[in-house]
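Summary of structural features
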Amino acid sequence: MGTDLHAPLGQNRGPGRPRRPPPFGRILGGFCLIAIAGFSLYSALMRDDLRKTQPVETAKKEDPAPPADAKPAPASQAGLTQVDPQSGANTTRVVTGDGSVVTMFSPGNRDGSGPVLINANQVGQDPRMAATPNDSLLEDSPFGKLPIVSPSGLRPMDQYARPWSGARGTRVAIVVSGLGLSQTGTQRAIEKLPEEITLAFAASGNSLQRWMQEARRGGHEILIQVPFEPFDYPSNNPGPETLLTSLSAAKNIDNLHKAMGKITNYTGVMNYLGGRFLANPGAMEPILRDVGKRGLLFLDDGSSAQSQSGTLSKTLEVPHAFADVQLDGELQQDAIMKKLDELERIARRNGSAIGVASAFDESVDAISKWSEEAAMRGIEIVAVSALADDPKHP
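To keep things clear, this report deals only with the structure shown in the data block. All values derive from a computational prediction rather than experimental measurement. (Residues numbered from 1 in each chain as written. Predicted model: local features only at pLDDT ≥ 70, side-chain atom pairs only at ≥ 80, totals over all residues. Heavy atoms only, no water.)

A look at the overall build of the protein chain
Along its length, the protein chain carries ten helices and 15 strands. Per-residue burial for the protein chain yields a buried fraction of 41% across its 394 residues. Pairs at least 24 apart in sequence give 68% of the contacts found in the protein chain among residues at least 6 apart. If you sum the accessible surface of the protein chain, you get close to 21,400 Å²; carbon and sulfur atoms cover 55% of it. (Helix = DSSP H or I, 4+ residues; strand = E, 2+ residues; numbered from the N terminus. Buried < 20%, exposed > 50% of the residue type's maximum accessible area, 1.4 Å probe, protein only. Contact = heavy atoms within 4.5 Å. Areas by Shrake-Rupley, 256 points an atom, 1.4 Å probe, with all protein chains shown as cover.)

Written as structure tokens, this is what we have:
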């Protein structure tokens, strides 16, 4: 008996014809049948899965993209409602005989159920939430969402302020205004200006909500710029919904609210022109009273020597700031740099100073260049809210 070289290892050839391995073609054929059957079963299962998931995929593709100017979704739509730390308390304010205000808190229940997002920042805003308004600082109106003081006493001026060091060295605030009027100019200003620069958005501008979000994400404090009547009105017309001395207080308040409702997340109101209106105490008083009631500051751009805004703001206890220097009266970069040096001299003499400019390319370039060198000279650039005269924090 010899060993069958074709038999498996450990098996000997028996008597008769030797065992031969099955032809390779039959092995391959059997494998192909198994593969084809397996592939057919897999394909059938995949078709069933696709039929189950196809409606979902189709629905996703048909969802329209949000417009570029869409307002940010409230925190409640993102899953959690954003509230103040004291929103679960009953707040009562009592004015004593000497004019002091006593605030009393007692336990209460928050509206709704489930978890909420507690906003712990009382001054400034978490950068991750900087483009999202605090719902407790807003009220509905015919003109959109308007700023208000929260039930706990938190003001928009505090919530949306840009934090600063607190050091009492030489401080300078620079406000660049007119944003929103030119789309390319607005984008350039937001991208190029340092985040310490305050940006003022013109109420008559375009895509303001989108630009507001960009500016806030970039770290800027912002203002809303409202048109006021100049001395040479109507030959010099600041734009639609201008506040006029010839209008009733109620109509001017409506126009103010139309401007306020254009964006959110701002710390105050800034005038655009307005020499005649600012010089008229009867016209200005209801405007400043409303600004202060809503927890905002008022920035006077300093263009009118006859302005009564400072005196009235002090009387009404409205946070107020006054610009010391118009930086770009002459629209040349060298001239603007000289004005910035003048602003620095005023700040060194008085401890602080405020400069204002428009969002022209020459202004943006000069301010960017000067700001880079300011810190090396011991100057801190702060937002305008840091320099406002605030009766709440004298």
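Here we look at the pairing of strand β8 (residues 198-202)
Most of β8 sits out of view: five of its five residues are buried. Going residue by residue along β8, you find Thr198, Ala200 and Ala202 tucked away on one face and Leu199 and Phe201 tucked away on the opposite face as well. Sheet analysis places strand β7 (residues 170-179) next to β8, joined by three bridges and oriented parallel. In the strand pairing of β8, Val175 is matched with Thr198. Read from β7 through helix α3 (residues 183-192) to β8, the crossover connection turns out right-handed. Sheet analysis places β8 next to strand β9 (residues 222-228), joined by four bridges and oriented parallel. Within β9, the position partnered with Ala202 by the bridge is Gln225. The parallel pair β8 and β9, bridged by helix α4 (residues 208-217), forms a crossover whose chirality is right-handed. (Pairing = 2+ DSSP bridges. Right-handed = clockwise from strand over helix to strand, strands pointing away.)

Section: the pattern of salt bridges
Enumeration according to the criterion identifies 17 salt bridges in this entry. Of the charged contacts, one joins Glu139 and Arg294 as a salt bridge, the two residues approaching to 2.9 Å between their closest N and O atoms. Within this pair, whereas Glu139 is found in strand β5 (residues 138-141), its partner Arg294 is found in the loop between α7 (281-293) and β11 (297-300), the two being separated by 155 residues in sequence. Residue classification places Arg294 among the buried positions, given a relative accessible area of 5%. For the salt bridge of Arg162 with Glu196, the shortest nitrogen-to-oxygen distance reads 4.0 Å. (Salt bridge = Lys/Arg side-chain N within 4 Å of Asp/Glu carboxyl O.)

Quick word on the nonpolar core
Ile174, Leu199, Phe201, Leu340, Ile367 and Trp370 are the most contacted members of the largest nonpolar core, which has 58 residues in total. If you tally residues by element for this core, the top one is helix α9 (residues 333-350), at six residues. Excluding its chain neighbours within four sequence positions, the residues that come into contact with Ile367 are Ile174, Val176, Leu193, Ile197, Leu327, Leu340 and Ala357. Formed by 17 residues, the second largest nonpolar core is a distinct cluster that contains Leu223, Ile354, Ala386 and Leu387. (Core = buried A, V, L, I, M, F, W, Y, C linked by side-chain atoms within 4.5 Å.)

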